[in-house]
Amino acid sequence: MGKIFNVSLAVFAATGSFLFGYDAGVMTDVIGSVNFLTYFNTNTNSPIIGAINATFNGGAVFGSLMGGLTMDRFGRKMTIQIGALICLLGAILQASAKNLGMILVGRIFAGWAIGLMSMSVPVYQSECAHPSIRGLIVGLTQQMIGVGFIISTWVGYGSSYAGDQSQFQWRFPLAFQAVPALILAVGMVFFPESPRHLMETDREEEAMKVLQHLHYNGSNNDWIQREFHEIRVTLAAEKAITVPGWRVMFTVAEWRTRLMHGLAVQIFTQMSGINVIGYYQVLMYEALGFTGGKSILVAGIYNCVGPITNFIFIVFILDRVGRRKPLLFGTIGITLALICEGIINSQNPGGTRHGLSIGGVTFLFVVTIIYSLSFGPISWVYMAEIMPMQIRARGNAFATGVGNWLVATVLAQVSPIALGAIGWKYYFVFVAFNIVITFPVIFFFFKETTQVSLEDIDLLFGERALGTLPHDLHKEVELHPTVVEAENEA
């Protein structure tokens, strides 16, 4: 039961990541709706359209940072539920909007919800995962983000056939997200809290039962006991030497280093250029000579390639090859693809050379394939597992809020201007960042965390629990009564 239940829990919790992808993608089709623009008496070049995107990202920054407080106070599970309920409210406001003010407020709520879930879902998954499959479990975050993008694309495409006189064209895509939001909010009631949060809040008996439910395979009681012991003594030691709060993340040297790792992997993910391509790929295809329906079709195919590649990677590869090697491969591969993309665009002004245009589209697809084999899933996995328990909630909140959402907000505002002003040269901004910063930092500083328990990751950065515990915690381990009972029953 253990592994099946573990994967089921991770898949269901990743509904929050599905909402992330859906909400991030749905406005592309909504803003392109003729009825939407007519109803609100606006156009695609209006500043209000930029504000719709900016308010979503701004809300996500706030939601991510808020999650650092709610996860410690109310737990991982309830934080996901809070995010789902806020998302439901945002969907209702947007779908029933009578004016642009309602759309903007709805987007703020949507961003707030997605910010909460974008940092809480990976933490919940990582704390429930067995070390041997943690890459698969947390990699489902990126998988469901991609699925959300795909569904938003085709829901928007299908709704467009309602006709330009019908409000269904944009109200239905905005309303659709309410369904998975409601399912997530209600369904999480039937899943357990993270065993590590239960231990942190002195609910040891419940934590042991959850560990057994998640991991018991009929013959691994000793492993479950060791895991329980590791969590208990590490938490007790960390509590004894630190105080809760945001400041400790920056004042304790080892924890500051680990926080910077989580922040860095999120920034490097954004600076791969993947979200700029995702948001503005239609402009890029038009620059290559693919206009009208062709650019939309190519974008739809592009949005499917990433999730398919990601699925293959997290199921068959990630937990075998580790974290560092794919990140280094991804940095090199994406950099080379962007160099080729820039060169092709420089030799193909106006997209008049069809052969080069095909090559340009191909290299954009190569970027998303390599991203899905590296930064896509690993950015969430590495960030969630690298933080010690005492700062895991706030650390992930800070890394997601600043490294992902704040950087994404800046790029979303700057990129259309840069693409218009310097065109193909903009690709080389990301090339330079990858060569000068991303590759050296990953190569010299990032740690390999594959198959290592969350508590043993302490040893990769120095001492266990800041030096207050021995390296080997298992020399004298008393069997927990629940384990003894399970062994007797077996």
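Everything numeric here is computed off the predicted structure, so don't read it as measured data.

Along the backbone of the chain there are 23 helices and 0 strands. Seen through its C-alpha atoms, the chain measures out along the principal axes to roughly 70 × 45 × 40 Å. Buried residues in the chain amount to 59% of all 490 residues. The long-range fraction of contacts in the chain, counting pairs at least 24 apart against all pairs at least 6 apart in sequence, stands at 82%. Accessible surface, the chain: about 19,000 Å² in total, of which carbon and sulfur atoms supply 67%. Averaging the locations of the 29 positively and 31 negatively charged side chains of the chain gives two centres separated by 8 Å.

Right, let's talk about helix α15 (residues 274–287) for a bit. The largest bend along α15 measures about 75 degrees and falls at Y280. When we look at burial in α15, the residues that qualify are I274, V276, I277, Y280, Q281, M284 and Y285. G289 occupies a position one or two residues after α15 and carries a positive phi of about 100 degrees.

Turning our eyes to something else, we now look at the side chain of N6. On the secondary structure map, N6 appears in helix α1 (residues 2–13). A distance of 3.4 Å separates the side chain of N6 from the side chain of H215, its partner in a polar contact. Setting aside residues no more than four positions away along its own chain, N6 makes contact with C128, A129, H130, I137, L214 and H215.

Taken as a whole, this structure holds 27 aromatic pairs when the rule is applied. For the pair Y382 and F446, a centre-to-centre distance of 4.9 Å together with 15 degrees between the ring planes defines the contact as stacked. Separated by 64 residues along the polypeptide, Y382 in helix α20 (residues 375–386) and F446 in the loop between α22 (427–445) and α23 (481–489) bring together distant segments of the chain. This pair shows no difference in class: Y382 is buried, exactly as F446 is. Measuring from centroid to centroid gives 5.1 Å for Y426 and F430, while their planes differ by 75 degrees, and the two rings are edge-to-face. Accessibility assignment for this pair places Y426 and F430 in one class, buried. Residue placement shows R171 over the ring face of Y39; its charged tip is 5.2 Å from the ring centre. For the cation-ring pair, K447 lies above F461, with the distance from its terminal atom to the ring centre recorded as 5.8 Å.

Let us now look at the pattern of salt bridges. Under the criterion given, the structure shown has 14 salt bridges. Between R76 and E127 there is a salt bridge, with its nearest N and O atoms 2.9 Å apart. You can see R76 sitting in helix α5 (residues 76–95) and its partner E127 sitting in helix α6 (residues 100–128), a full 51 residues away along the chain. Each member of the pair, R76 as well as E127, carries the same accessibility label: buried. One salt bridge in this structure joins E385 and R323, with 3.0 Å as the shortest N-O distance. Pair noted here: E385 is in helix α20 and R323 is in the loop between α17 (318–321) and α18 (324–346), with a separation of 62 residues, a long-range link. Side by side, E385 and R323 carry an identical accessibility label, which is buried.

By secondary structure assignment, the location of D456 is in the loop between α22 and α23. The spacing of D456 and T234 is 222 residues in sequence and 9.5 Å in space, taken between C-alpha atoms. Those residues within four positions of D456 in sequence are excluded, and the remaining contacts are E230 and R464.

A word on unusual backbone geometry. Although it is not a glycine, D202 adopts a positive phi angle of roughly 65 degrees. Turning to its location among the elements, D202 is positioned in the loop between α10 (195–200) and α11 (204–215). Residues other than glycine seldom take positive phi values, yet Q451 does so here, at roughly 65 degrees. The topology assignment puts Q451 in the loop between α22 and α23. Accessibility expressed as a relative area gives 44% for Q451, which makes it partly exposed.

What counts, and where the lines are drawn
Residues numbered from 1 in each chain as written. Predicted model: local features only at pLDDT ≥ 70, side-chain atom pairs only at ≥ 80, totals over all residues. Heavy atoms only, no water. Helix = DSSP H or I, 4+ residues; strand = E, 2+ residues; numbered from the N terminus. Buried < 20%, exposed > 50% of the residue type's maximum accessible area, 1.4 Å probe, protein only. Contact = heavy atoms within 4.5 Å. Areas by Shrake-Rupley, 256 points an atom, 1.4 Å probe, with all protein chains shown as cover. Lys, Arg positive; Asp, Glu negative; His and termini not counted. Charge placed at Lys NZ, Arg CZ, Asp CG, Glu CD. Bend = angle between axes of the 7 residues up to and from the residue. Polar contact = N/O pair within 3.5 Å; in protein donor to acceptor, adjacent residues only side chain to side chain. Phe/Tyr/Trp six-rings, centres within 6.5 Å; stacked < 30°, edge-to-face > 60°. Lys NZ or Arg CZ within 6 Å of the ring centre and 35° of its normal. Salt bridge = Lys/Arg side-chain N within 4 Å of Asp/Glu carboxyl O.

So, to be careful, I would describe these as geometric facts and stop short of saying anything about function.
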